[in-house]
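Notes for the structure review
If you want the building blocks of each chain, they are given just below.
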Amino acid sequence: MGAFLKKYIDPYVPLWAIPPLVTCFLINCAIYWITMALCDDFTHYDLTMPIDQNIPVVTEWVFIYLFYCYAFWAFSYCYIAHVYRDEPEKVFRFVVADMMSRLICMLFFIFFPTTNTRPEITGSDVSDRLTRFLYKIDQPTNLFPSIHCLVSWFCFVGIRFSKKVPFAMKVFSLISALAIVASTQFLKQHYVVDALGGIALAEICWLISGHIPLPRIFTEKYTKLVHKFFPNAELK
C-alpha cells in the first residue's frame with residue numbers, strides 16, 4: 001500500500017500534506033453542521049439589501065454551486081500542497097489561515113446567525129429540479145460569511161503570488177472562484193454581503209497567517225511527529 005501511495009499519489013499530492021488537508025476538511029464540516037444544529041432555535045438575522053433584489057434567479061448556476069465547486073476545491077487544495085511540497089511552512093500557512101477562518105465563521109454562526117428568504121422554484125427542467133433539491137437539503141442558515149465564497153477565494157489566494165504557478169493557472173483559479181461566488185448570488189443561496197464577507201475573511205486570515213509564528217510552529221511540530229513514526233520520511 002505504501003509503495004502504491006508513493007508511486008501514484010505522492011507525485012501529485014505530497015503524502016505528508018494529506019493529514020493537514022483532511023483535518024481542514026473535517027474542521028469545516030464539524031463547524032458547519034454542529035453550529036447549524038446548535039443554533040437552530042436562535043434568532044436569525046436577514047441581511048438582504050436592495051441590490052440583492054435586483055439580482056435575478058438563474059437556476060443554471062446550480063451545476064457550478066452543487067458540482068463544479070467541490071471538484072475545484074479538492075483540486076486546488078491538493079495543487080497548493082503540490083506547488084509547495086518543498087516548502088512545508090507555506091503549506092502550513094495555508095492550513096493555518098484555513099482553520100483560522102473556520103473558527104471565525106463559527107463565532108459568526110453562533111453569535112450572529114443569519115438567514116434569507118429563497119424564491120419558489122416552479123420550473124421543470126433539470127436545473128430547476130436540482131435547485132429545489134438544493135433548497136431542500138441545505139437550510140438557509142450559516143450564511144454570513146459565505147463558506148462557498150471563502151473556500152473558493154482561498155483557492156485563488158493560495159497560488160496568487162507564487163512564481164511556481166503558471167499565469168494561466170492563476171487566471172483559471174480566479175475565474176473559477178468568481179464563478180462560484182456568482183453562483184451563490186444567482187441561486188439566492190447567499191446575498192451580496194455574505195459573499196463579500198467570505199472573500200474579506202479569506203484575505204484577512206491569509207494576511208494574518210503570514211505574520212504570526214503558527215505556520216512555523218506547526219511545521220516544526222508536525223515534522224517531529226512524522227519523524228517519530230517514520231524516521232526516514234522527509235517533508236518534501
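See the structure above.
Figured I'd write up the structure that's included with this text. (Residues numbered from 1 in each chain as written. Predicted model: local features only at pLDDT ≥ 70, side-chain atom pairs only at ≥ 80, totals over all residues. Heavy atoms only, no water.)

To continue, consider the packing of helix H5 (residues 88-111) against helix H9 (residues 192-209). Contact geometry of H5 with H9 gives a least axis separation of 8 Å together with a crossing angle of 130°. Classified by the angle their axes make, H5 and H9 are oblique. When you trace H5 past H9, the crossing you get is right-handed. Contacts between H5 and H9 involve Arg93, Phe94, Val96, Ala97, Met100, Ser101, Ile104 and Cys105 on the former and, on the latter, Leu201, Cys205, Trp206, Leu207, Ile208 and Ser209. Partitioned by chemical class, the residues of the contact of H5 with H9 number 11 nonpolar, 2 polar and 1 charged. (Axes fitted to C-alpha atoms, helices over the stretch in contact; angles between N-to-C directions. Helix = DSSP H or I, 4+ residues; strand = E, 2+ residues; numbered from the N terminus. Parallel < 35°, antiparallel > 145°, perpendicular 65-115°, else oblique. Left-handed = near helix turned anticlockwise from the far one by under 90°. Contact = heavy atoms within 4.5 Å. Nonpolar A, V, L, I, M, F, W, Y, C, P; charged D, E, K, R; others polar.)

Applying the stated criterion across every chain yields a total of 7 salt bridges. Where Arg85 meets Asp10, a salt bridge forms, and the shortest distance between an N and an O atom there is 3.1 Å. A residue pair is termed long-range when its members are at least 10 positions apart, and Arg85 in the loop between helix H4 (62-83) and H5 and Asp10 in the loop between helix H1 (2-8) and helix H2 (18-38) qualify at 75 residues. A single burial state applies to Arg85 and to Asp10, both of which are buried. (Salt bridge = Lys/Arg side-chain N within 4 Å of Asp/Glu carboxyl O. Buried < 20%, exposed > 50% of the residue type's maximum accessible area, 1.4 Å probe, protein only.)

The next subject is empty space enclosed by the protein. Summed over the entire model, instances satisfying the criterion amount to 1 cavity of 30 Å³ or more. Approximately 40 Å³ is the volume found for the largest cavity. Lining of the largest cavity is provided by Phe75, Ser76, Tyr79, Ile80, Cys155, Ile159, Met169 and Ser173. Among the elements of the structure, H4 and helix H8 (167-186) are those that each provide at least two residues to the lining of the largest cavity. (1 Å grid on protein atoms, 1.4 Å probe; cavity = no way out; pocket = protein on both sides within 12 Å on 5 of 7 lines; lining within 4 Å. Points joined across faces, edges and corners; volume = space filled by probe spheres on them.)

This part takes up the environment of Ser183. Turning to its location among the elements, Ser183 is positioned in helix H8. A sequence separation of 34 residues divides Ser183 from Cys149, and the C-alpha atoms of the two residues are 9.6 Å apart. Those residues in contact with Ser183 that sit more than four places away from it in its chain are Trp61, Ile64 and Tyr65.

Now for the side chain of Thr219. Tracing the sequence through the fold places Thr219 in helix H10 (residues 214-229). Every residue in contact with Thr219, bar those within four places of it in the chain, is listed here: Pro88, Glu89 and Phe92.

Right, let's get into unusual backbone geometry. Residue Pro145 follows Phe144 across a cis peptide bond; omega there is -5°. You can see Pro145 is positioned in the loop between helix H6 (126-137) and helix H7 (147-157). Its identity as a non-glycine residue notwithstanding, Asn142 has a phi of 55°, on the positive side. With respect to the helices and strands, the residue Asn142 is situated in the loop between H6 and H7. For Asn142, a relative accessible area of 5% gives the class buried. Of note in this structure, Lys188 is not a glycine but carries a positive phi near 60°. If you trace the backbone, Lys188 turns up in the loop between H8 and H9. Taking relative accessible area as the criterion, Lys188 reaches 8% and is therefore assigned buried.

Just geometry here; none of it tells us what the structure is for.
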